[in-house]
Amino acid sequence: MKCYLNTIGVLDNSDIVHSISFTKGLNIITGKSSTGKSALIEIFDYCMGCSEFTIPVGVITNVSKFYFIILELNEVFLVLARSKNSSSGFLKVESELPNLDDIDDSYFEDKYFQKMDTFKLVLGRYFGLNITDTDEDLEHRNYRYNNAKKERPSIRNIISYLLQHQNLIANKHSIFYRFDEKAKRDQTIEQFKIFNGYITQDYFILKQKIAEGEKKLKQLENKQQQIDQNKSDKELGLNSLLKGYYAVVGKPLFDKHIKVVLSEPAKYYDYLIELDAKPDSDSNEAVNQIKDYTFQRNKLIAEKRNNMIKINNINSSIEYANQYKNQINEIVETSGANIYQSNCPFCNTKNTELLNQANELEMSINWLNNELKKTPLLLDSFESNRKKLELEVKDIDLDIKKLGLEIDTLYQINEQLKKNRSLEKQAERIKLKIENVLSEIINESQSNYLKEIKLIKNELMELRKELKNKYNVENKLREAEAYINNTMNEIGSNLEFEESYHPINLKFSLDTFELWHQKKNERIYLRSMGSGANWLYSHLSLFLSLNKYFCSRGEKSLIPPILFLDQPTQVYFPTQVKDDENDFDAKKIKSKIGESNKVDEDIFAVTNMFNQIVIHCQKTFKETGIEPQIIVTDHADKLDLEDADFEKFVNGRRWRTRGFIKLSDEKVDDDSITS
């Protein structure tokens, strides 16, 4: 996106504009302490919709009525302004760059002010943030207050890529602005794909359709699973009834396997309706079945008892192992022993037997320690085996119970005969039960969901295919990650990292937004990378590489190529040391912290850092066609850059005898600007 910051300004209580202008490429604001340099980044942030008023209290806040910035965006100029601690924002579109001399209190008309939520929404539209619904599953709204939509992409989540405050630029714990708030951190990470133009609103509509289809598919599969389970249960019940019928009548009801009967339930149901059951009183089928079931039950009882014996043995082993473990823990460990070597009283030969025994003892102790370490593993193994056997016993109990019921049912046949209930009546009763089971199976087969399941699976396959072909977000994220990492290490290889991190191998994850140095198989995160210089250069490498990546996306990226770097040289010239001279004097600053011997070394590192920023701007413009806008506020001044003129980048933005706010009694440098 070709969006640049043209002006940061303040309208004071006397209707006087105090401003500073910027160009593409590198912009340097240099000056001594307390001149308002760091306030610039806060004014920019505040005018871009920050909910907090963080502009440093002092001259600026004492005299200011309105804070404003002018953005150059798509051949128009956006004027954004706010008053102190305001809950509204001013947004006005100008076709030409406003004349700052014409800006006074009357310029900021009420009709251009909007409540902050609306202000950020409208501002976001100018940056191309037109996605209104980012829910990937509509069901998620059920868990939000008033079934609210997920929070839409915000211009505020873009700001994290643009600002590196002085307390952040060399921070070992934090990398991105606003990431101390988890919600904002998660939103910024999640919306990276939106900000870089990977997806449109249609992406989320497709995701919602897929989520809806997956839920419907799950429901149908559960219903079908229930039908299949019922069918399985009915198969078992039908099998039992058929055996009962066989026992009563003396011959099988069907001459086909039960699987065949279940595959054509309607056919066999019609057959039953016409069937007249005629029992064979001479049949011994009931006796044979009782004998068979009894044999099976006895076999299961024997198996159960065998498992119970094993469980009992395991319980004994566990109890013994625990006792052994407790006894070992009570043994006092010997920290050392003195071994004395004796000599033969006759020939004065050294006796090595004791030493050999000591070595054997040491080997035995090591063996014992290794065995003791196995105790917890043995206990885990015992517990696992016991659990497995207990489950087997439960299954056996169920089978024994089922066989018992079958045996009881068969004995009931004789009991019914004793009560003068003929075999014919018993057979007819069982036949009716079989008819009912077949009828239920017929009804359920008409509720088969397999066709619908197949249809939804095909629809989901097409939706996923469309999602991948149109967006392929995962692939784009991996490509972006590779681009950022390669660029980051290309930049980092020219910065003054400590020798132990050469060659620099920085890695950045777009899934977690974590940054680390990869050393063989070890990840060395920022917090473990030692000095402030390493932290500074890690931040700088990452944000310049992100800046270049956004430029490489062209108009697809919604993130402007703007990057604020506030006090990056603080690693070498600490901000705690007050710089109040009319000229930047590195030697004086270093002497205040007792590092006079490092002046040349540190000036070289600082000069190299600015050289690399210049190179970054040039290379990015050449390779992408978009020139970055890097705004650096710092104390460092009058550096001897390589193939570049430091004064060109300062361009009059030197605050040594004045500050951002030009007070009436202040003397102005010849190279300072007043508007």
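Above: the structure in question.
Quick summary incoming for the structure in this document.

Calculation rules
- Residues numbered from 1 in each chain as written.
- Predicted model: local features only at pLDDT ≥ 70, side-chain atom pairs only at ≥ 80, totals over all residues.
- Heavy atoms only, no water.
- Helix = DSSP H or I, 4+ residues; strand = E, 2+ residues; numbered from the N terminus.
- Buried < 20%, exposed > 50% of the residue type's maximum accessible area, 1.4 Å probe, protein only.
- Contact = heavy atoms within 4.5 Å.
- Core = buried A, V, L, I, M, F, W, Y, C linked by side-chain atoms within 4.5 Å.
- Pairing = 2+ DSSP bridges.
- Axes fitted to C-alpha atoms, helices over the stretch in contact; angles between N-to-C directions.
- Phe/Tyr/Trp six-rings, centres within 6.5 Å; stacked < 30°, edge-to-face > 60°.
- Lys NZ or Arg CZ within 6 Å of the ring centre and 35° of its normal.
- Expected span 1.5 Å × (residues − 1).
- Salt bridge = Lys/Arg side-chain N within 4 Å of Asp/Glu carboxyl O.
- Parallel < 35°, antiparallel > 145°, perpendicular 65-115°, else oblique.
- Left-handed = near helix turned anticlockwise from the far one by under 90°.
- Nonpolar A, V, L, I, M, F, W, Y, C, P; charged D, E, K, R; others polar.

1. With respect to the overall build of the chain
At step 1: Helix and strand counts for the chain stand at 18 helices and 16 strands.
At step 2: Counting over 675 residues, the chain shows a buried share of 45%.
At step 3: In the chain, the share of contacts with a sequence separation of at least 24, taken over all contacts with a separation of at least 6, comes to 70%.

2. As for the nonpolar core
As a rule of thumb, soluble globular proteins bury nonpolar side chains together.
At step 1: The biggest cluster of nonpolar side chains holds 127 residues, and the ones touching the most others in it are Ile 8, Phe 44 and Phe 192.
At step 2: Apart from residues no more than four positions distant in its own chain, Phe 192 is found in contact with Tyr 161, Tyr 198, Leu 477, Ala 480, Ile 484, Leu 510, Phe 513, Tyr 549 and Phe 550.

3. A few points about the pairing of strand β12 (residues 515-519)
At step 1: Most of β12 sits out of view: four of its five residues are buried.
At step 2: Sheet topology places strand β11 (residues 506-508) next to β12; three bridges connect them, and they run antiparallel. The residue of β12 that forms the bridge with Leu 506 is His 517.
At step 3: The turn joining β11 and β12, which pair antiparallel and follow one another in sequence, is formed by six residues; a positive phi near 60° is taken by Phe 513.
At step 4: Linking β12 back to strand β13 (residues 522-525) in an antiparallel pair, the connection comprises two residues, with Lys 520 at a positive phi of about 55°.

4. Notes on the sheet that holds strand β8 (residues 163-164)
At step 1: The sheet built from five strands is open, its strands ordered β8-β14-β15-β3-β16 with parallel pairing. A single partner strand is all that each edge strand has here, and the edge strands are β8 and β16 (654-655).
At step 2: Taken together, the six bridges between strand β3 (residues 25-31) and strand β15 (residues 629-634) define a ladder with parallel strand orientation. Pairing of Gly 25 across the sheet is with Gln 629, part of β15.
At step 3: Against the sheet, helix α15 (residues 532-552) engages β8, β14 (562-566) and β15, with an angle of about 165° to β14.
At step 4: Set on the sheet, helix α17 (residues 599-624) makes contact with β3, β14 and β15; between it and β3 the angle comes to about 150°.

5. Comments concerning the packing of aromatic side chains
At step 1: All chains considered together, the criterion is met by 35 aromatic pairs.
At step 2: Taken together, the aromatic side chains of Tyr 161, Phe 176, Phe 179, Phe 192, Phe 195, Tyr 198, Tyr 483, Phe 508, Phe 513, Phe 543, Tyr 549 and Phe 550 make up a single cluster linked through ring pairs.
At step 3: Sitting above the plane of the Tyr 46 ring, Arg 82 keeps its charged end 3.9 Å from the centroid.
At step 4: The side chain of Arg 523 reaches across the aromatic face of Trp 516, ending 3.8 Å from its centre.

6. Quick look at α17
At step 1: Under the 1.5 Å per step criterion, the end-to-end length of α17 is 37 Å for 26 residues, consistent within 8% with the ideal 38 Å.
At step 2: Remark: Gly 625 follows α17 within two positions and exhibits a positive phi of approximately 85°.

7. A short note on the sheet that holds β11
At step 1: If you walk across this open sheet you meet the three strands as β11-β12-β13, and the pairing is antiparallel. Of all strands in the sheet, those with a lone pairing partner are β11 and β13, marking the two edges. Strand-to-strand twist in this sheet, taken as the mean axis angle between neighbours without regard to direction, amounts to 40°.
At step 2: Across four bridges, the pairing between β12 and β13 is antiparallel. Bridge assignment links Gln 518 to a residue of β13, and that residue is Arg 523.
At step 3: Taken strand by strand, helix α14 (residues 473-492) contacts β11 and β12, and its axis lies near 150° from that of β11.
At step 4: Along the sheet, α15 makes contact with β11 and β12, crossing β11 at roughly 55°.

8. Section: the pattern of salt bridges
At step 1: Tallying each qualifying case throughout the model produces 26 salt bridges.
At step 2: Measuring nitrogen to oxygen at the nearest pair gives 3.4 Å for the salt bridge that ties Asp 511 to Arg 478. Of this pair, Asp 511 sits in the loop between β11 and β12 while Arg 478 sits in helix α14; the two residues are 33 residues apart in sequence, bridging distant segments of the chain.
At step 3: Using a relative accessible area of 48% as the deciding quantity, one classes Asp 511 as partly exposed.

9. Examining the packing of helix α6 (residues 201-249) against helix α13 (residues 450-470)
At step 1: One can describe the packing of α6 onto α13 by two numbers: an axis separation of 9 Å at closest approach and a directional angle of 155°. Judged on the interaxial angle alone, α13 and α6 are roughly antiparallel. Every pair of crossing elements has a handedness; the one defined by α6 and α13 is left-handed.
At step 2: Here the residues of the contact of α6 with α13 sort into eleven nonpolar, two polar and eleven charged.

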